[in-house]
Amino acid sequence: MSSIGEGPLRVFGVPPELLREQLAALSGAGYRLVGLSEALDLLDGGCTDPLVALTFDDGYVDFLDHAVGVLAEAGAGATLYMSVGHMGEPAGWLGAQAGTLGPIMDWAQLAEVAGAGIEIGNHSLIHHPLDVLPTAQLDQEIRDSHVRLADAMARPIRSFAYPHGYNSAAVRATVARYGYTNACEVGRRLYRDGTDRFAVSRLQPTPDHSGEDLLELVRGGGSRLVPGLKRAAQPGWRVARRVALRVFHAKLT
Ligand SMILES: [Zn+2]
């Protein structure tokens, strides 16, 4: 059994067999599984189906090797956020020891993922918290990563995920200026439609979540601070979440 997370991060990686079980539990409970921009488009179109948006960060090669097939079997859409400045290399950014995170996809691999119907989103260039960057560097981070992705994908890049989840009013405004329609942080709570689409919160499944556990997390919102199961299960409550958690995100956010 191979893991979506590799090496020391395996503890937070969700193995493909478990991902399959988790997706089946959500589908079986009536949730429609889609990428984030599609989920928001559906809401805008008046859709009242229960939706779960699936998101994956960083763009590891094992997403292509393992997750793409499982998603296709489940008939699920998803959004993959690429760490654009690390493509074709081991992930070696803040909080990561060189070589521990597994390689990031190259452009040809990313094209395969996009060809499978996965939405490609932007996760910045250098994977540094954006809220602490000087204005000029913040702008460059978002502009350069955006231009590279948009040129390579030949389709609009609409969704952004803040590295480590950190954002600010300036970060959100800069992302919006480059044509994005939504962006997500970490949050660990349900996203409520009508709140800021440049701060979409996400829940974080781990290998400890069976299919049933994940269903409970989605219904309950993952926090005592959000409304309980009954209210969360009603249409109007929506969830964005990611399946593959990376450990430094948990440490830093
Ligand atoms: Zn990341």
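Here is a short report on the structure shown in this document. (Residues numbered from 1 in each chain as written. Predicted model: local features only at pLDDT ≥ 70, side-chain atom pairs only at ≥ 80, totals over all residues. Heavy atoms only, no water.)

### Here's the deal with the packing of helix α4 (residues 107-115) against helix α5 (residues 135-153)
For clarity, the threshold we go by: Fitting a line to C-alpha atoms yields each axis, with helices limited to the stretch in contact; the angle taken between N-to-C directions then spans 0 to 180 degrees. Secondary structure elements follow DSSP: runs of H or I no shorter than four residues count as helices, runs of E no shorter than two count as strands, and numbering proceeds from the N terminus. Helix crossings are classified by the rotation of the near helix relative to the far one: an anticlockwise turn of less than a right angle makes the crossing left-handed, while a clockwise turn makes it right-handed. A contact between two residues is defined here by any heavy atoms of the two lying within 4.5 Å. The classification used treats Ala, Val, Leu, Ile, Met, Phe, Trp, Tyr, Cys and Pro as nonpolar, Asp, Glu, Lys and Arg as charged, and all other residues, Gly among them, as polar.
At a minimum axis separation of 11 Å, α4 and α5 run at an interaxial angle of 65°. Relative to α5, the crossing made by α4 is right-handed. For the pair α4 and α5, contact is made by W107, L110, A111 and A114 and by R148, L149, A152 and M153, respectively. Grouping the amino acids of the contact of α4 with α5 by side-chain chemistry returns seven nonpolar, no polar and one charged.

### A short note on the packing of aromatic side chains
Put simply, the rule reads: Only Phe, Tyr and Trp rings are paired, with Trp represented by its six-membered ring, and only when their centres lie within 6.5 Å; those with planes under 30 degrees apart are stacked, over 60 edge-to-face, the remainder tilted. Relative accessibility decides the category of a residue: with a 1.4 Å probe and only protein chains considered, values under 20% of the type maximum give buried, values over 50% give exposed, and everything between is partly exposed.
Summed over all chains, the structure comprises three aromatic pairs. Ring centres 5.6 Å apart and planes at 90° place the aromatic pair F160 and Y180 in the edge-to-face group. You can see F160 sitting in strand β5 (residues 159-161) and its partner Y180 sitting in the loop between α6 (169-177) and β6 (182-187), a full 20 residues away along the chain. Accessibility assignment for this pair places F160 and Y180 in one class, buried. Pairwise contacts between aromatic rings join F160, Y162 and Y180 into one cluster.

### Quick notes on helix α2 (residues 36-44)
Within α2 the residues assigned to the buried category are L36, S37, A39, L40, L42 and L43. Where α2 ends, the next residue or the one after it, G46, has phi of about 90°, a positive value.

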